[in-house]
Every structure is written in C-alpha cells, then in structure tokens.
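Summary of structural features
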Amino acid sequence: AAAAAGDEYELLCGVPYTALPFATAMSLETGTPMLMRRKEAKTYGTKKLIEGEFKSGQRVLVVEDLVTSGMSVMETVEPLRTMELLVDAVVVLLDREQGARANLAKNAVAVRSVLTLTQALEVLQSAGRVEAEQAELVRTFIRANQVNIPAAAPAAAAGDSDKASASAIDASSKPVSLSYAERAPLVENTAGRRLLEIMCAKRSNLCVAADVASMAELLALADAIGPEICCLKTHADAVSGWTSGSGAELRSLADKHEFLLFEDRKFADIGNTVVAQATGGVHTITAWADIINAHPVPGPGIIDGLRQAGAASNRNIGVVLLAEMSSKGNLPTALAPEYAKLTAAMAAAARGTVFGYIAMGAVAADEEAGRGAVVMTPGVQLAAGGDSLGQQYNTPASVIARGSDVIIVGRGIYRAQDPLAAAREYRTAGWEAYEARIGAKSS
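Residues numbered from 1 in each chain as written. Predicted model: local features only at pLDDT ≥ 70, side-chain atom pairs only at ≥ 80, totals over all residues. Heavy atoms only, no water.

**Brief notes about the environment of Leu12**
- Mapping Leu12 onto the fold places it in strand S1 (residues 11-14).
- As for Leu12 and Ala23, which are separated by eleven residues in sequence, their C-alpha atoms are 6.7 Å apart. (Helix = DSSP H or I, 4+ residues; strand = E, 2+ residues; numbered from the N terminus.)

Structure representation (structure tokens):
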C-alpha cells in the first residue's frame, strides 16, 4: 500500500477517524501529502470538508482500516470527487467480505486489502487459534450477511452546491418501502446513514433501552447483547457510578460490537442551554453519543444548539425529534396531526442534523414530504399491553408494519433471565417483520 501511494497517487486521505493513523504513517513513509476529511464542516473559518493542499485533477488514494459495506469509504470519496479530485481506489487493512468490494466497484473504486476475513481465518485456523467449526460459522455468517448498496449519484462540482442540494432533495422522495440499504444513501446525516449501514450489515433493527441502575450493569449488558443490536439507548443521568471515563468505556464497547450509542436525553430547552447540557457536566454527552433526541417544542433553535454542541466535540451527532410518544395520554399524540406536521417541517429544514423521529410508525407529514426519515419506536414487547404507569406496548410486527424502522425494547430484554437470548429473539422478530414489509428476504 505504501509503495502504491508513492508510485501512483499524488495524495492520501484517511477515512475519519480510525484510519487517520494509518494514513499518517503512510504519508510519513512515502512522502506523499495527506488530506483530511472532516465529518462535519466547521461553522467558522473556511468551513471546508476537505483540509489540505491540493489541485483539481490530482489522484487520491483513500485509506481505511476495515470495510464492511463500503459506505464509510464513499462518505470520503464523494466530497473528494466534489472537489474535482480523482479517486479510484481504497487501501484497507481488512476486508470483511460483506459486500464492500462489489459496492465500491459500482462507484468506480477498487479495493486493495492487506487481508480478507477469509485469509485471516485461514491463518488463525492453521495456527490453532480458531477451531474449524468456529471458522465455518464465521464463513457462513459472511455468506448470509451481504450488504448491497446502490451506486451513488455522480458528485457535483464544488461550484454546484445548489444543484447538489436539489438532487439530494429529489432523491429523498423515494418511498419508505425501499430497503434499508437503498435508503441509506438518501440520509444526509452521517450518524443516520451509519445506523442504516449497521442494520444492513448485522441484519438487526433492534435498539435496546438499557434502563439499568448502575454503570457496572450498563457495561455488562452492552457487552453481552452488543452483537445482536444496531443501537443502545441510554439514560446517563439515571445511572449510578457514572464517571468522566464512563462515556469512553461505552464508546469502546460500541466500536467493538458495531452499534451506535443513543443518549435518550430528550432535550427541551433553548439553544444556548442545550449546548451546555450536551457538552458539559459529568456526562459530556456529545463526546460519546452518536444519536441524541429532542422535543420540537422550543422551535428550530434547539436543533441549531445540538448541531453546535456536536461541532464543539468535533462530532457529527444525529438528532431524532419526538413526533409521538408511547405513554398513554401524551400531548404529541393528542395534538396530532398538526404537532407531527410542525415537527416534520422542522426536520426538513435541518436534514444534515435531523435524520428521523421517535414515533409509533411512519410520520404521515414526513411521508407526504417524501423524506422517508428513520423512525424509531419505543415501547416494543413480544406481547401487546401496558404497565401501571401508562406505558403502552406494541409488538415488533405491528410497529414495523406501520412504517417504523427500529424497534426499541427495554424491560423485555434487560429484565430477562437471559438478556442475550431475549435480544436474539427480538432481533429475529424485528428483522422478519421488516423483510415482510419490503417483500424480500434480504436487506
């Protein structure tokens, strides 16, 4: 890879952030200049997504640590091409062989991997570190979990930002009946796209509401059920034993098991206040959370505040707005459909930050606007019903059929005698309901 960088390519660009050390080492070794792609443009200064010295027409080699579907690579390729740079290859340490090579080829990007997962398994098996039975289970999983991502639209030139924006709006008119893989490129927010990518790769639309009492319980639960989920929802302010390092501990487990962290803070104040709430205190939410939610009651300023909070932590946080709630007699539902329409209008004006809703199913006003945003539904159990405090439960099949994308399950899993087995049961139920909705047996 280093030789290729020095002989064929004029620039290197690491996919943020894990691949940056690899790109830096290659740049130092070969003397090839390195560019850096920001996950979100700064709100001050040059406001550029691509940092570094470059000229139109130069060839760039993209560097990544590992690839699954290739979507994260395209999130770097597209802004490079927008700046009229030539990108035709990515070098990776590990190809997990779940569709990235084919998906990137559709976008004229060749994958050069140091290792494939198959090769790694062969080495580990020959060294006696992995049993033949376990290796075959991994190979079977790879074959059964292929991710197909549609080819991206041609990148607009740097001066065509208005056209690019219009194109994105037109593309968003795809209906919700599209698969998660087909919808992912239509989501402008990075965290929202990543959520759909993980759902495809893991064949899971399960988010667990980890409403446990202590940090030790939270970490143990996250580690146990991590392989089964696409997202872990937390209430950091309800967890005893939370320290300044707790967010980093959760972040490590999320990276290990490939799920996103959703802090259910339900922000509901003016912009300046939510900036302080999201970035400060012992929880420093924007330092570790991928997704946060907010009530639309304060108006658009709350979205601006959360966007600013994410930028202050150099992270592109995804926001979901509470369009509906699962508790009996809640006001958003009582004020429907006007409340949902106003919420959808706020979301439409902030697509780079807001990627979806908390709701009981597809938000009608959003669907009328053709956005097809991601809908996450709480209060899901295998049996419908309710509790003594007004929580109303719906089944995975019923909420997915109504247009929800992610089922949020709490007590049905964390209070189960075997949380991992319960998570697997909910994961299967949620995914089968999704496949039934799109009329296919693939992502």
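Next comes the rest of the account.
**Some remarks on the sheet that holds strand S6 (residues 110-116)**
- Read across the open sheet, the six strands follow the order S3-S2-S1-S4-S5-S6; overall the sheet is mixed. At either margin of the open sheet sits one strand with a lone partner, and together these are strand S3 (50-51) and S6.
- The pairing of strand S5 (residues 86-95) with S6 spans six bridges and is parallel. Its bridge partner lying in S6, Val90 is registered against Val111. (Pairing = 2+ DSSP bridges.)

**Some remarks on the state of the cysteines**
- Per the stated rule, a full pass over the model turns up zero disulfides.
- Not engaged in a disulfide, the cysteine Cys207 finds its nearest cysteine sulfur in Cys231; these two sulfurs lie 3.7 Å apart.
- Left without a disulfide partner, Cys230 is nearest to the cysteine sulfur of Cys231, which lies 5.7 Å away.
- A relative accessible area of 0% places Cys230 in the buried class. (Disulfide = S-S within 2.5 Å. Buried < 20%, exposed > 50% of the residue type's maximum accessible area, 1.4 Å probe, protein only.)

**Here we look at a nonpolar patch on the surface**
- Residues Phe22, Leu93, Val114 and Leu115 make up a contiguous nonpolar surface patch of about 330 Å² in total accessible area.
- One can find Phe22 in helix H2 (residues 20-30).
- Judged by relative accessible area, which is 36%, Phe22 ranks as partly exposed. (Patch = residues over 30% accessible without salt bridge, like charges linked within 9 Å, V, L, I, M, F, W, Y side chains within 5 Å. Areas by Shrake-Rupley, 256 points an atom, 1.4 Å probe, with all protein chains shown as cover. Salt bridge = Lys/Arg side-chain N within 4 Å of Asp/Glu carboxyl O.)

**Thoughts on the environment of Gly299**
- Residue placement: Gly299 occurs in the loop between strand S10 (291-294) and helix H13 (301-312).
- For Gly299, a relative accessible area of 14% gives the class buried.
- Distance in space between the C-alpha atoms of Gly299 and Met346 is 7.7 Å, their sequence separation being 47 residues.

**Things to note about the sheet that holds strand S11 (residues 318-322)**
- Read around the closed barrel, eight strands run S7-S8-S9-S10-S11-S12-S13-S16, paired in parallel fashion. When strand polarity is set aside, the average angle formed by the axes of neighbouring strands in this sheet is 25°.
- As defined by bridge partners, S11 adjoins strand S12 (residues 354-358) across four bridges and the pair is classed as parallel. Bridging from a neighbouring strand, Val320 pairs with Gly356 of S12. (Axes fitted to C-alpha atoms, helices over the stretch in contact; angles between N-to-C directions.)

**Quick look at the side chain of Arg351**
- Inspection of the secondary structure puts Arg351 in the loop between helix H15 (338-348) and S12.
- For the buried Arg351, which has no salt bridge, the nearest side chain bearing the opposite charge is Glu188, at an N-O separation of 4.6 Å.
- From its side chain, Arg351 meets the backbone oxygen of Ala348 in a polar contact 3.5 Å long. (Lys, Arg positive; Asp, Glu negative; His and termini not counted. Polar contact = N/O pair within 3.5 Å; in protein donor to acceptor, adjacent residues only side chain to side chain.)

**Observations concerning the pairing of S11**
- A large share of S11 lies buried, amounting to five of its five residues.
- Neither face of S11 is open: one carries Gly318, Val320 and Leu322, the other Val319 and Leu321, and all of them are buried.
- With four bridges joining them, S10 and S11 adopt parallel strand pairing. Across the sheet, the residue bridging to Ile292 is Val319, located in S11.

**Examining the packing of helix H10 (residues 215-225) against helix H11 (residues 246-257)**
- Running from N to C, H10 and H11 cross one another at 10°; their axes reach a closest spacing of 10 Å. What the angle tells us is that H10 and H11 run roughly parallel. Of H11, the residues touching H10 (which contributes Met215, Leu218, Leu219, Ala222 and Asp223) are Ser246, Glu249, Leu250, Leu253, Lys256 and His257.
- Its residues placed into classes, the contact of H10 with H11 shows six nonpolar, two polar and three charged. (Parallel < 35°, antiparallel > 145°, perpendicular 65-115°, else oblique. Contact = heavy atoms within 4.5 Å. Nonpolar A, V, L, I, M, F, W, Y, C, P; charged D, E, K, R; others polar.)

That is the geometry; function is a separate question.
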